[in-house]
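A closer look at the structure
Residue-level listing of the chains:
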Amino acid sequence: MKFAAAAATDQGRVRTNNEDAFLVDDKRALFAVADGMGGHRGGEVASHTAVEALRAAVASGSALNDAIERANTAVLSRAAGDEELTGMGTTLTAVIPIGGRQLLVGHVGDSRAYLLREGTLQRVTDDHSLVEELVREGRLTPEQADAHPQRAIITRALGIDDEVDVDVYTLDVEPGDRVLLCSDGLTTMLRERDVERLLRTEREPQHAADALVDAANASGGEDNITVVVVDVLEVDPPAPPDPTALLVDGEGRPEEAASPQPAPEPPAPARSKRSRLRTVRGALLVLVPLLLIIGVAAGILGWYARSSYFVGADNNEVVIFKGVPGGVLGWNPTIDRRTGIRVADLPQLERDRVETNSTRGSLATADAFVTRLAGATTTTTVPRTTTTRPRTATTRPRTTTTRPRTTTTRPRLAP
Ligand code: MG
């Protein structure tokens, strides 16, 4: 895959320091935004420590979620060595390509990832914030959340506990797609439609990044603002059919399912009886273990096929399938549950995920995704605009001193 990326960060017009950090690692196509919190130098140290640990972990071969867990450990151990840094933490939202046609987004906290496709902005990540959780549970409307005095409280961050839950999203991408990572200093100052407009009109990633930061400052700049803009220039061609998909012919020889038959071998010269016996014994020595392996593999595939679930579409309705998309060796997926959610009501991003059957795993995973989809249909019908929200510094509740983003004041919500 090929990318063009740019970033911009600014301390804003109210804060006296910049506790955000970002990463643009063109070599590995690894991009990230972190928003630190904590007194003194804490926030700044936390976000930079996390971003550097993420980069080092990915460079040493870690998968994205492992790398984010290592960033968590790095922030914790950095804080443990310095009393001034006690209680510091940070958000982290990172993106890296996987498989040549997809992006993996790893996410903890209330920084965000967005996807701009054909001029339309879709939010990829869910905020780990108190108000967003209340919105997801149906206890607040998005409008109430925008004006909520506790909207700055986050419920997940790096540097708080030994273990951190990392949300991981897989995005199928196409050339022309644009990914935005940003800290909340952007999204609390700008409406999503303004972000969308700027991302659509500024063609150069650097111009887009600068324009977003300028616009957030023009709207008040009440927090540090950081954005990373990543343009997908090229994706890899589709992978060839899986050559490990073997069928077995009548004589137990493996042969590839859809490939042309090899030319028949010339008839072997006549051989002695002893030589034929040796051949039979040799063939059995190969054949018996091969059949055993195939039998065991078929059993494992069958178990796998029947024990996994995925979310897909049937007659324009979101349904949970039991099995594997496309089926495996005769084990075809069956409808386990219908959800009553219309595919057409979903935002484009979620619709893509349903139509490509990209959510696979346990029944619990499928259930969780469906719950999310149910939320997505309702949240899209309620416009997420913030036109009625007070925008002056005096009436807005987000100031440095009242922002309760430390371990001690953070409410411990059940996950
Ligand atoms: Mg912030």
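In this report, we go over the structure that sits alongside the text. None of these values were measured; they are calculated from a predicted model. (Residues numbered from 1 in each chain as written. Predicted model: local features only at pLDDT ≥ 70, side-chain atom pairs only at ≥ 80, totals over all residues. Heavy atoms only, no water.)

Considerations on the overall build of the chain
The number of helices and strands found in the chain is 10 helices and 17 strands. Relative to all contacts within the chain whose residues are 6 or more apart in sequence, the contacts with residues 24 or more apart total 68%. Per element, the accessible surface of the chain, about 21,200 Å² overall, is 55% carbon and sulfur. (Helix = DSSP H or I, 4+ residues; strand = E, 2+ residues; numbered from the N terminus. Contact = heavy atoms within 4.5 Å. Areas by Shrake-Rupley, 256 points an atom, 1.4 Å probe, with all protein chains shown as cover.)

Remarks on the coordination of the magnesium ion
The protein atoms that coordinate the magnesium ion are Asp-35 (OD), Asp-184 (OD) and Asp-223 (OD), at distances of 2.1 to 2.3 Å. Mapped onto the sequence, the donors of the magnesium ion take the spacing D-x148-D-x38-D. You can see Asp-35 sitting in strand S3 (residues 30–37) and its partner Asp-184 sitting in helix H5 (residues 184–187), a full 149 residues away along the chain. The class of Asp-184 is buried, set by a relative accessible area of 3%. (Donors = N, O, S within 2.8 Å, 3.2 Å for Na, K, Ca; no water. Buried < 20%, exposed > 50% of the residue type's maximum accessible area, 1.4 Å probe, protein only.)

A word on helix H9 (residues 348–355)
Of the positions making up H9, those classed as buried are Leu-349, Glu-350, Arg-353 and Val-354. Taken end-on, H9 shows its buried residues confined to a sector of 135 degrees, consistent with a single buried face. A positive backbone phi angle near 50 degrees is found at Asn-357, which sits one or two residues after H9. (Arc of directions from axis to C-beta.)

Things to note about helix H1 (residues 42–59)
For H1, with 18 residues, the first-to-last C-alpha span of 26 Å sits near the 26 Å given by 1.5 Å per residue. Regarding H1, the residues found buried are Gly-42, Gly-43, Val-45, Ala-46, Ser-47, Thr-49, Ala-50, Val-51, Ala-53, Leu-54, Ala-57 and Val-58. The inward-facing, buried residues of H1 abut strand S2 (20–25), S3, helix H2 (64–80), strand S4 (89–90) and strand S5 (92–98). Residue Gly-61 follows H1 closely and has a positive phi angle near 100 degrees. (Expected span 1.5 Å × (residues − 1).)

Observations concerning the side chain of Thr-155
Structurally, the position occupied by Thr-155 is in the loop between helix H4 (142–146) and strand S9 (167–172). The class for Thr-155 is buried, based on a relative accessible area of 13%.

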